[in-house]
Amino acid sequence: MAKETVQVAQFAASYRYDDIPPDVVERAKQCIIDTIAVVIFGYDLPWSQIVIAYAEKNGAGGKSRILGPGGAMVHAPAAALANGALAHAFEMDNLTWPNTGVHPGATLLVPGLAVAQERGSSGRELIAAVVAGAEVMIRIGRATHHRNEHRGFHAPGTTGPFGAAVACGKLMGFDVERMRNALGIAGSLSSGLMEFARSGTGAMVKRLHLGRAAESGVLAASLAADGFTGPTSVLEGEFGFLRVFCREWDLAALTRELGANYVTMSILMKRFACHITAHRPVEAMLDLKNQYKFSAADIESISVTGNQRMATTNNIPVPPDVLLAQYSIPFSVALSLYRNPIDPDSFDENVMHDPQILAMAARVKMLTAPGQSREDLASTVAVTLKGGRIVTQRVTAFMGTPTRPLDRAGMREKFMLLTKRFPNTDMARLFDRLQSLENEKTLDWISA
């Protein structure tokens, strides 16, 4: 029987748009629409501008667009690098639930769109590329059991090149051999270190990990298209991805129910501009405020109970910059008492100096629930009010997760918030047109 790398290459190479069930098409389109919005929002951020300037300088003259106001036309690798960094520029891009350490939009839509614009591909071809990439990449993420981050790697920087290579390979019309080689090459391009979270410095690099993954997929597929080769056992081999990047892994997860159970449906959309570990605590706090009608002035203290990672890595009550403010559970929970966490502008450039938020974040105690796994991000928030009353709320699945998906109105609300710097009528028209992406013959019109 063919090894796992070969099996996923065979699946990806043979997969077609007509094979995709309607609900999977819709989820893929949600992922695409959501990602375009977060890329557009990320364009003006200072760390994004540094990457954009590099991409424009080194990739000029292509047919792929950097999404943003007057976004430049560059070659596909440069567009993938820039748009991938923009997609992850403000903690608003989509993930999966259960958490697999992958960011589908930033590492599937972004490189796929760059190649599609370069090659004149259709909306259907892009959707098929995103789904094929998601079915492979999410399974790779599941196979890691997120243990790549246990070793200090930033998971989406390591899994992203594989999904990006598949998406680009689909758009390039790869056969099995070229798809297999694209995966083999992608494995040697996996990268991304978590030291930014431990040191409390240099968090801009977190954004680069997603851009680099997207760019790597374009590189891997482009080389494979010209006959460049990579190991045929890159996923399962003795010195392959799983064994090198992880201390534990589930090899069978790479091909489990491949083509039968669509893991694309596990993609979730974020509503808040903060790290995924903070979403449940923030939603719990909003629920408590709404139910019990208290204000920040009524609060004595707060406790958030979750897993060990939440209580350690994401426990940053005094973040040094806005990037780590978004990464902090205590700070994000405190912010939700003073500002609207659904509006990304709430995390402005001076938010980490807000004395009220900092004072409240200091009152947030992070606790670990015995036996709660790293993959389980369920949270219980307990608020002690002045006078001694304690109110609690537990959130296991926040709005935007597969069990509580955003409807079209919810998707539109986020899209319009993220693109509010542009004319409302133009952005409403873009949103509506993206809703019928499968009917579009070309994709050069996608821009801010």
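All of these numbers come straight from a predicted model, not from anything done at the bench.

A. Here's a closer look at the sheet that holds strand E7 (residues 379-385). Overall, mixed pairing links the four strands, which are arranged E6-E5-E7-E8 in an open sheet. Each having just a single partner strand, strand E6 (364-368) and strand E8 (390-395) make up the two edges of the open sheet. Across the sheet, the axes of successive neighbouring strands diverge by a mean angle of 20 degrees, strand direction being ignored. For strand E5 (residues 299-306) and E7, the ladder comprises six bridges, and the chain directions are antiparallel. Residue pairing across strands places serine 303 opposite alanine 382, the latter belonging to E7. Packed on one face of the sheet, helix H13 (residues 276-292) meets E5, E7 and E8 and runs near 135 degrees to E8.

B. Representation of the pairing of E8 in the model. Looking at chain direction, E7 and E8 are connected through six bridges and run antiparallel. The partner of valine 381 across the bridge, within E8, is glutamine 393.

C. The environment of glutamate 300, seen in detail. As for its position among the elements, glutamate 300 is in strand E5. Judged by relative accessible area, which is 45%, glutamate 300 ranks as partly exposed. Leave out the neighbours within four places in its chain, and glutamate 300 touches Arg363, Thr384, Leu385 and Lys386.

D. Representation of the packing of helix H4 (residues 76-87) against helix H5 (residues 104-119). Direction vectors running N to C along H4 and H5 enclose 150 degrees, while the axes themselves pass 9 Å from each other. One finds that H4 runs roughly antiparallel with respect to H5. For H4 against H5, the interelement crossing comes out right-handed. Touching Ala76, Ala79, Ala80, Asn83, Gly84 and Ala87 of H4 are Ala106, Val110, Pro111, Ala114, Val115 and Glu118, all from H5. Of the residues contributing to the contact of H4 with H5, the split by class is nine nonpolar, two polar and one charged.

E. Representation of the nonpolar core. Counting residues in each nonpolar core, the largest one holds 158 residues, and the members touching the most others are Ile302 and Val383. By residue number, the principal contributor to this core is helix H6 (residues 123-144), which donates 13 residues. Ignoring any residue separated from it by four or fewer positions in sequence, one finds valine 383 in contact with Met285, Leu288, Phe294, Ile299, Ser301, Ile302, Arg389, Ile390 and Val391.

Conventions adopted
- Residues numbered from 1 in each chain as written.
- Predicted model: local features only at pLDDT ≥ 70, side-chain atom pairs only at ≥ 80, totals over all residues.
- Heavy atoms only, no water.
- Pairing = 2+ DSSP bridges.
- Helix = DSSP H or I, 4+ residues; strand = E, 2+ residues; numbered from the N terminus.
- Axes fitted to C-alpha atoms, helices over the stretch in contact; angles between N-to-C directions.
- Contact = heavy atoms within 4.5 Å.
- Buried < 20%, exposed > 50% of the residue type's maximum accessible area, 1.4 Å probe, protein only.
- Parallel < 35°, antiparallel > 145°, perpendicular 65-115°, else oblique.
- Left-handed = near helix turned anticlockwise from the far one by under 90°.
- Nonpolar A, V, L, I, M, F, W, Y, C, P; charged D, E, K, R; others polar.
- Core = buried A, V, L, I, M, F, W, Y, C linked by side-chain atoms within 4.5 Å.

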